[in-house]
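Analysis of the macromolecular model
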Amino acid sequence: MTADIQAKTNEASQVSNSKAAVLITGASSGIGLALAMKYVDQGYQVFACGRNEQSLQNIKGAYPLVFDINDKNQIENAAQRLKEALVMTHCKLNMVILNAGSCEYIDDPVQFDGALFERVIQTNVVSMGYCLQHFLPLIATNGRLGLMSSSATYLPFPRAEAYGASKAAVNYLACSLRLDLKAHNIGVSVICPGFVKTPLTDKNDFAMPMQISADIAADEIVNGMNKGRNEIHFPKRFTLILKLLSCLPNAIINSLLSPKPNN
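Residues numbered from 1 in each chain as written. Predicted model: local features only at pLDDT ≥ 70, side-chain atom pairs only at ≥ 80, totals over all residues. Heavy atoms only, no water.

Observations concerning the overall build of the chain
Stated precisely, the cut-off is as follows: Secondary structure elements follow DSSP: runs of H or I no shorter than four residues count as helices, runs of E no shorter than two count as strands, and numbering proceeds from the N terminus. Burial classification: accessible surface area is computed with a 1.4 Å probe over protein chains only, and a residue below 20% of its type maximum counts as buried, one above 50% as exposed, and the rest as partly exposed. Two residues form a contact once any of their heavy atoms are found within 4.5 Å. What sets the accessible areas is the Shrake-Rupley method with a 1.4 Å probe; for residues, cover comes only from the shown protein chains.
Tallying secondary structure elements over the chain gives nine helices and nine strands in all. If you line up the chain on its principal axes, its C-alpha atoms span 85 × 35 × 30 Å. Taken across its 263 residues, the chain has 43% of its residues classed as buried. Counting only contacts in the chain whose residues sit at least 6 apart along the sequence, the fraction spanning at least 24 positions is 65%. Surface accessibility of the chain: about 14000 Å² in total, with carbon and sulfur atoms responsible for 54%.

Below, the structure is given as structure tokens:
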């Protein structure tokens, strides 16, 4: 009996002394890379996930997990490696930030591109489901989950049928998970950035007002996650305008945002 008590005491001590860890998908570049570097600087054990092994290896102090989020078998294998690494490094997984995603636009609404729509939904929604399946059980009690959405969900935008729909799904997913995970003492934050300068947004062929750097975006996310915010949106001067406009009647919104017909 004494030996059992001692073993349980030792186990509890190991848990309380465990190093805090965070897993970040899409850590090869952009917001994910900036987040990984900031959490390393704060003393976290960072598990940096992505497809570009060289980029992940360049994040000093991070543990790279190389996999494709669109391959569910690779996600499962990565989760097993993560589980083993947590034991090996005596870490407790406090946070999972599912940041990876893609963006493509529908250029011709009449000749709707179903394959493009499928690609975006697959990467931004379906793959997130598989990440949740395998990573969520590893989050420690009182941990937190962050899901990357977008401020594009506040209003309908031209050409954003695929991207906007995928991020709207993430918003609902986060809100529903928040209810169900409360009993498990796991918080959920939905992250809704405005325009952030990243390799993804560098491809955009339109104006991006009030764009901020990935470094500033990462600061906002770290701060929001630490404060346990349900919604992390930034930059406020941009997102609050979108939120205000979303209160207008639909007829006015449609008039403001609909593309002007070509003469």
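Comments concerning the sheet that holds strand E6 (residues 187-193)
Note the following rule: Only strands that DSSP links by at least two bridges are regarded as paired with each other. Axis lines are fitted through C-alpha atoms, for helices just across the contact stretch, and the angle between N-to-C directions can take any value from 0 to 180 degrees.
One open sheet holds the seven strands; their spatial order is E3-E2-E1-E4-E5-E6-E9, and the pairing between them is parallel. Across the chains shown, the open sheet's two edge strands, defined by having one partner strand only, are strand E3 (62-66) and strand E9 (231-234). With strand direction ignored, the average angle separating the axes of adjacent strands in the sheet is 20°. Relative to strand E5 (residues 144-148), strand E4 (residues 91-98) runs parallel, the two sharing four bridges. The residue bridging Ile97 from the neighbouring strand is Gly146, located in E5. Contacts from helix H7 (residues 214-226) reach E4, E5, E6 and E9 within the one sheet, and its direction differs from that of E9 by about 155°. Its contacts with the sheet put helix H8 (residues 236-245) on E6 and E9, and the angle it makes with E9 is roughly 110°.

Quick look at the packing of aromatic side chains
Just so we agree on the cut-off: Two rings from Phe, Tyr or Trp (for Trp, the six-membered ring) form a pair when their centres sit within 6.5 Å of each other. Planes less than 30 degrees apart are called stacked, planes more than 60 degrees apart edge-to-face, and all others tilted.
Applying the stated rule across the entire model yields five aromatic pairs. With 6.1 Å between their ring centres and 55° between their planes, Phe67 and Phe135 make a pair best called tilted. Taken together, the residues span a long stretch of sequence, with Phe67 in the loop between E3 and helix H4 (72-88) and Phe135 in helix H5 (residues 114-135) at a distance of 68 residues. You can call Phe67 buried: its relative accessible area is 2%. The class for Phe135 is buried, based on a relative accessible area of 1%. With a centroid separation of 5.7 Å and 55° between ring planes, the pair formed by Phe112 and Phe117 is classed as tilted.

So, the confidence of the model for the chain
Low pLDDT marks stretches whose predicted atomic positions should not be read closely. Stated formally: As a per-residue measure, pLDDT reflects the predictor's confidence and takes values from 0 up to 100.
Looking at the chain, pLDDT values average 92 and 93% of them are 70 or higher. Note that residues 1-15 has pLDDT below 50 and, in this model, one contact with residues that lie over four places away or in other chains.

Comments concerning empty space enclosed by the protein
Rolled over the atoms, a probe with the dimensions of a water molecule shows which regions are left empty. Counted only if it meets this: Site definitions follow a grid-based scheme: protein atoms alone, a 1 Å grid, a 1.4 Å probe that fits but cannot get out for cavities, and for pockets an open set with protein on both sides within 12 Å along at least five of seven lines, plus lining residues having an atom within 4 Å of a point. Grid points are joined across faces, edges and corners, and a volume is the space filled by probe spheres set on the points. Basically, the charged four are Asp, Glu, Lys and Arg, the nonpolar ten are Ala, Val, Leu, Ile, Met, Phe, Trp, Tyr, Cys and Pro, and anything else, Gly included, counts as polar.
By the definition in use, this model includes one cavity of 30 Å³ or more. Empty space within the largest cavity amounts to approximately 50 Å³. Thr25, Ile69, Leu98, Asn99, Ala100, Thr123, Asn124, Ser127, Met128 and Cys131 are the residues that line the largest cavity. Top element by residues in the lining of the largest cavity is H5. It accounts for five residues. Partitioned by chemical class, the residues of the lining of the largest cavity number five nonpolar, five polar and no charged.

Concerning helix H6 (residues 161-181)
What counts here: One less than the residue count of a helix, multiplied by 1.5 Å, gives the span that helix is expected to have.
With 21 residues, H6 should cover 30 Å at 1.5 Å per step; its first-to-last C-alpha distance of 30 Å lies within 8% of that length. Looking at the buried positions of H6, the neighbouring elements they touch are H5, E5 and E6.

Some details on the pairing of E4
Within E4, seven of the eight residues are buried, leaving the element largely enclosed by the surrounding structure. As paired strands, strand E1 (residues 19-24) and E4 are joined by six bridges and run parallel to one another. When the bridges of E4 are listed, Ala21 appears paired with Leu93.

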